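# Secondary and tertiary structure notes
Each chain is listed here by its residues.
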Amino acid sequence: MSAVLQSLVNQPYKHGFVTDIESDIAPKGLNEDIIRLISAKKNEPEWLLSFRLQAYQKWLTMTEPEWQNVHYPKIDFQAISYYSAPKPKKKLASMDEVDPELLRTFEKLGVPMHERAALAGVAVDVIFDSVSVATTYKQKLAEVGIIFCSISEAVHTHPELVQKYLGTVVPVGDNYFAALNSAVFTDGSFCFIPKGVKCPMDLSTYFRINTEGSGQFERTLIIAEEGASVSYLEGCTAPRFDTNQLHAAVVELIALDNADIKYSTVQNWYAGDEKGIGGIYNFVTKRGLAKGANSRISWTQVETGSAITWKYPSCILRGDNSVGEFYSVAVTNNYQQADTGTKMIHIGKNTRSTIVSKGITAGHSNSSYRGLVRIAPTAENARNYSQCDSMLIGDQCGAHTFPYIQVHNNSATVEHEASTSKIGEDQLFYFSQRGIGAEEAVSMIINGFCKDVFQQLPMEFAVEATKLLSFKLEGSVG
Amino acid sequence: MIIENSPTILSVQGLRASINGTEILKGIDLTVRSGEIHAIMGLNGSGKSTFAKVLAGHSAYEVTGGIIQFEGKNLLELPPEERARAGLFLAFQYPIEIPGVANTQFLRLAYNTVQAQRGKEELDPLEFDDFVREKMKLLEMKPDFLDRSVNEGFSGGEKKRNEILQMALLEPKLSILDETDSGLDIDALKIVASGVNRLTNKDNATILVTHYQRLLDYIVPDFVHIMQAGRIVMTGGKELALELETRGYDWISANKQQAMAGVRA
Ligand SMILES: Nc1ncnc2c1ncn2[C@@H]1O[C@H](COP(=O)(O)OP(=O)(O)OP(=O)(O)O)[C@@H](O)[C@H]1O
Ligand SMILES: [Mg+2]
């Protein structure tokens, strides 16, 4: 690889800092007592405790998956602390009461959230470590009957809804990490859009992992009733650490008849240093159930961070004429590893799915696209279109594609396209011969490559995504 | 045109360059003054494109000796983008495709970069659109080339025209056209040649790399240089190209010594 390319991809992480807020941390290790402690700390109802315990029992019988194309030292689940929360303070009435240290953190991230919230009309449900510390715009949303709060709050204010839907898309024993999450999740977002309501603004949550050594087990549940629609944004970044951190979130989406859920993620967690030390393990289960007729679930993700990413935002297309979409950009650099993709499970008639995956691989990193398209016998006239493109920067990285196609109904149409390209020295030379420096050239090529995905993002998120890719792949040239 | 005492734009002395340890350029001397058009001819593999790329600063080549001065500046000290901004332009023999990047976006960024360098006004996308369409008319290019990805799926001739479009936009001090005529049909050749002729003036200079006398009927050179095995072995006026066409390169080899005198001396 040329010196120019080398220095371009070796850009240090810009969001590496630790905010000093007193944390309340559970002793390390996992057992029934810890689960009872979490549940008690959060003052949970009995049914939720048994949900957790049932998940824990399942988890004990399971083994960590090894089929994915990533490599990492065995995780010692007893060395993780499963609960960490900022010390309880009196309830916050407004953003002014939020710990200024926390606000500074967000500023450092380039996300002045109050400004953001005000200017962009975005309601920001701030998750700091595992507990929500501030929720804005709740009032406005409440006026149209939308519930947008932390899931622990929803457990108390709307227990019937949480109990009705929690674990219905991702069952407690779905997979190793989902079982773990179900046993120990501490917080996350809850969002309920009632019948016929179009959510008037994008809902947004900024996640942030802060306490060294504490696992993060977010739990998100979004329900759109008949004819409802919502666009939800998840963005996150993390401070620099030397020990690997496990993040095993679960996100469940449920769309009833004619409902529409769009879930967008820009992920920029600490990826480890240029030698591959440290960084977040991001093992996430995200799944949407297009339960009703004509419903739509759309995932858009821009994955730039984490030492290891392992996630397959999926759609179960159960309702007739339902639509599933997956738009993804995954960037890996240095020693990052990513095994990501989607599953489109067609069950209903005339169901349609679209998969657009763009992998950008630089440094010594490794990236795999893994996608399953399953057409069930009941899925008359189902259609899928998949497009998987890889872009290699330099010659020490690897990109792999693993498409799995299972068609059990002859009326189905399944199309798969794949391509691999490279940012070559000659391309960069062409740009520079026209006066355009390597940084700008790379950014232009990458943005062109990701265009189909970025188009799916809400405007200000697309801008942020573009910037993130620049953080990732650009550096001072020389 | 040869102008008495016009300032030197490019001065190359004893230039040596290699790639992967193989020496390709073995001591090139060339002086180009403002207002002049130089043609470089030579057998395949003699080093013409290498010379062009070394002038433009391609990082794959290692310069092992000699000096290059561009308007008095030491060109070898500048990275390729700064050479471009200083007014050195290379129309590539094989223009590269850049999928996903719209031609108009690319052209505008290049244009604005050079404008900024010259302390001149940059254009927003709308203004640029008008501006570039005018330039395209001169080259009889269809506007749909603006929305397509840079060179992607362009025919050989279309790529060459896109190169000259960039020359027209950037108004370089020194243009090096590496076989811009290859792959052009006879109509396109005339269009491109008249485009180039319109762009040349007393304040800039052009180096044409070509295999064919035909191009030189349209763009008449002041000097013709013959390159052989990494050296300029013969220099003459425009009649040298005709001579070459009738007598072939063997004749050059036999008459190197005599021709080395050149017209300038
Ligand atoms: N990477 C490389 N390693 C070794 N030799 C190389 C390399 N790149 C180019 N060369 C050689 O350098 C020599 C000069 O090539 P160059 O492209 O400059 O020739 P040219 O005069 O432009 O030829 P043409 O008329 O065919 O365009 C050729 O013999 C070519 O094979
Ligand atoms: Mg050549």
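Quantities reported herein were computed from a predicted structural model and do not represent experimental measurements.

Here the focus is the sheet that holds strand 5 (residues 73-74) of chain B. Residue and element names in this part refer to chain B. The sheet built from 4 strands is open, its strands ordered 2-1-4-5 with antiparallel pairing. Strands with a single pairing partner mark the edges of an open sheet, and in this sheet they are strand 2 (22-33) and strand 5. Pairing of strand 4 (residues 61-70) with strand 5 involves 2 bridges; the strand directions are antiparallel. When the bridges of strand 5 are listed, Phe70 appears paired with Lys73.

With that settled, the discussion passes to the side chain of Ser46 of chain B. All names here are of chain B. Position of Ser46 among the secondary structure elements: in the loop between strand 3 (37-42) and helix 1 (48-56). A residue is classified by how much of its surface remains accessible, and Ser46, at 5% relative accessible area, is buried. A polar side-chain atom of Ser46 sits 2.7 Å from the main-chain carbonyl oxygen of Leu43. When sequence neighbours within four positions are dropped, the list of residues in contact with Ser46 reads Met227, Gln228, Ala229 and Gly230.

Residues and elements named next belong to chain B. Around the magnesium ion (ligand 2), the protein contributes the donor atoms Ser49 (OG) and Gln93 (OE1), which lie 1.9 to 2.1 Å from the metal centre. With a gap of 44 residues between them, Ser49 in helix 1 and Gln93 in the loop between strand 6 (88-91) and strand 7 (98-102) connect regions that are remote in the sequence. There is no split in this pair, since Ser49 and Gln93 are both buried.

Moving on, we come to the packing of aromatic side chains. All names here are of chain A. Throughout the structure, instances matching the rule amount to 23 aromatic pairs over all chains. Each ring, one from Phe77 and one from Phe177, has its centre 6.4 Å from the other, and the planes form 45°; the classification is tilted. Taken together, the residues Phe77 in the loop between helix 3 (46-61) and strand 2 (84-86) and Phe177 in helix 9 (residues 176-184) connect sequence positions 100 residues apart. Accessibility classification places Phe77 together with Phe177 in one group, the buried group. Plain terms: the ring middles of Phe177 and Phe283 are 4.7 Å apart, the flat faces sit at 55° to each other, and that makes the pair tilted. Of this pair, Phe177 sits in helix 9 while Phe283 sits in strand 13 (residues 280-290), placing them 106 residues apart in sequence. In this pair, the class of Phe177 matches that of Phe283, namely buried. Through a chain of ring-to-ring contacts, three or more aromatic side chains come together here, namely Tyr56, Trp59, Phe77, Tyr176, Phe177, Tyr281, Phe283, Trp310 and Tyr312. The lysine or arginine in question, Lys358, covers the ring of Phe449, its NZ or CZ lying 5.0 Å from the ring centre.

All names here are of chain A. Summarising burial for strand 6 (residues 189-193): 5 of the 5 residues are buried, a large majority. Taking every second residue as pointing to the same face, both faces of strand 6 are buried, with Ser189, Cys191 and Ile193 on one and Phe190 and Phe192 on the other. Here 4 bridges tie strand 5 (residues 147-150) to strand 6, and the two strands are oriented antiparallel to one another. Across the sheet, the residue bridging to Ser150 is Ser189, located in strand 6. With 4 bridges joining them, strand 6 and strand 8 (residues 219-224) adopt parallel strand pairing. In the strand pairing of strand 8, Phe190 is matched with Leu221.

The next point concerns the site of ligand 1. Residue and element names in this part refer to chain B. Around ligand 1, the surrounding shell holds 14 residues, and the nearest of these are Gly45, Lys48, Ser49, Thr50 and His211. A distance of 3.3 Å separates an oxygen atom of ligand 1 from a polar backbone atom of Ser46. Measuring from an oxygen atom of ligand 1, one finds a side-chain N or O atom of Lys48 at 2.8 Å. For ligand 1, the accessible surface in isolation is 650 Å², of which the surrounding protein chains cover 64%. Among the elements that take part in the shell around ligand 1, helix 1 stands out by supplying 3 residues, more than any other. Residue composition of the shell around ligand 1, grouped by class: 3 nonpolar, 9 polar and 2 charged.

Another point: the interface of chain A and chain B. Between chain A and chain B, the contact holds 17 residues from the first and 31 residues from the second. Both faces considered, chain A and chain B share a buried interface measuring about 2,100 Å² in area, 66% of it formed by carbon and sulfur atoms. Three residues, Phe429, Tyr430 and Arg434 of chain A, lead the burial of chain A against chain B; their summed loss comes to 35% of the area buried on that side. Inspection of the region where chain A meets chain B yields 1 salt bridge. The partner of Arg434 of chain A in a salt bridge is Glu163 of chain B, and the shortest N-O contact between them spans 2.7 Å. Counting every contact that joins chain A to chain B gives 13 residue pairs in polar contact (both at pLDDT 80 or more). Elements with a contribution of two residues or more to the side of chain A that touches chain B: helix 10 (425-433) and helix 11 (438-454) of chain A. If one sorts the elements of the side of chain A that touches chain B by residue count, helix 10 of chain A sits on top with 8 residues. When its residues are assigned to classes, the side of chain A that touches chain B shows 6 nonpolar, 6 polar and 5 charged.

Residues and elements named next belong to chain A. Throughout the structure, instances matching the rule amount to 0 disulfides over all chains. Unpaired in this structure, Cys149 has its nearest cysteine sulfur neighbour in Cys191, at a distance of 9.0 Å. For the unlinked cysteine Cys191, the closest cysteine sulfur is that of Cys199, found at 6.4 Å.

Residue and element names in this part refer to chain B. At a closest axis distance of 10 Å, the pairing of helix 4 (residues 125-138) and helix 5 (residues 156-170) adopts a crossing angle of 120°. In terms of orientation, helix 4 and helix 5 fall into the oblique class. Helix-helix and strand crossings are classified by hand; for helix 4 and helix 5 the assignment is right-handed. Two secondary-structure elements touch here, helix 4 through Phe128, Phe131, Val132, Lys135 and Met136 and helix 5 through Leu165, Ala168 and Leu169. Considered class by class, the residues forming the contact of helix 4 with helix 5 number 7 nonpolar, no polar and 1 charged.

Residues and elements named next belong to chain B. Here Phe128 lies in helix 4. Between the alpha carbons of Phe128 and Asn112 there is a distance of 9.4 Å; along the sequence they are 16 residues apart. Each residue touching Phe128, except ones within four places of it in the same chain, is listed here: Thr104, Leu107, Arg108, Tyr111, Leu123 and Leu169.

Residues and elements named next belong to chain B. With their axes 11 Å apart at the nearest point, helix 3 (residues 103-117) and helix 4 run at an angle of 95° to one another. By the angle class used here, helix 3 and helix 4 are roughly perpendicular. Two secondary-structure elements touch here, helix 3 through Thr104, Leu107, Arg108 and Tyr111 and helix 4 through Pro125, Phe128, Phe131 and Val132.

Before going further, it helps to examine the pattern of salt bridges. Under the defined criterion, the tally for this structure stands at 19 salt bridges over all chains. Linking Arg133 of chain B and Asp129 of chain B is a salt bridge whose minimum nitrogen-to-oxygen distance equals 2.8 Å. A residue pair is termed a helical-turn pair when its members lie 3 or 4 positions apart in one helix, as Arg133 of chain B and Asp129 of chain B do in helix 4 at 4 residues. Arg133 of chain B sits in the partly exposed class, given a relative accessible area of 34%. Judged by its relative accessible area of 22%, Asp129 of chain B falls in the partly exposed class. Among the salt bridges present, the one from Glu134 of chain B reaches Lys137 of chain B, with a minimum N-O distance of 3.1 Å. Taken together, the positions of Glu134 of chain B and Lys137 of chain B, both in helix 4 and 3 residues apart, correspond to about one turn of that helix. You can call Lys137 of chain B exposed: its relative accessible area is 56%. Through salt bridges with shared partners, one network takes in Asp260, Arg296 and Glu325 of chain A.

Rules used in this analysis
Residues numbered from 1 in each chain as written. Chains lettered and ligands numbered in written order. Predicted model: local features only at pLDDT ≥ 70, side-chain atom pairs only at ≥ 80, totals over all residues. Heavy atoms only, no water. Pairing = 2+ DSSP bridges. Helix = DSSP H or I, 4+ residues; strand = E, 2+ residues; numbered from the N terminus. Buried < 20%, exposed > 50% of the residue type's maximum accessible area, 1.4 Å probe, protein only. Polar contact = N/O pair within 3.5 Å; in protein donor to acceptor, adjacent residues only side chain to side chain. Contact = heavy atoms within 4.5 Å. Donors = N, O, S within 2.8 Å, 3.2 Å for Na, K, Ca; no water. Phe/Tyr/Trp six-rings, centres within 6.5 Å; stacked < 30°, edge-to-face > 60°. Lys NZ or Arg CZ within 6 Å of the ring centre and 35° of its normal. Near = heavy atom within 4 Å. Areas by Shrake-Rupley, 256 points an atom, 1.4 Å probe, with all protein chains shown as cover. Nonpolar A, V, L, I, M, F, W, Y, C, P; charged D, E, K, R; others polar. Buried area = accessible area lost by both parts, 1.4 Å probe. Salt bridge = Lys/Arg side-chain N within 4 Å of Asp/Glu carboxyl O. Disulfide = S-S within 2.5 Å. Axes fitted to C-alpha atoms, helices over the stretch in contact; angles between N-to-C directions. Parallel < 35°, antiparallel > 145°, perpendicular 65-115°, else oblique. Left-handed = near helix turned anticlockwise from the far one by under 90°.

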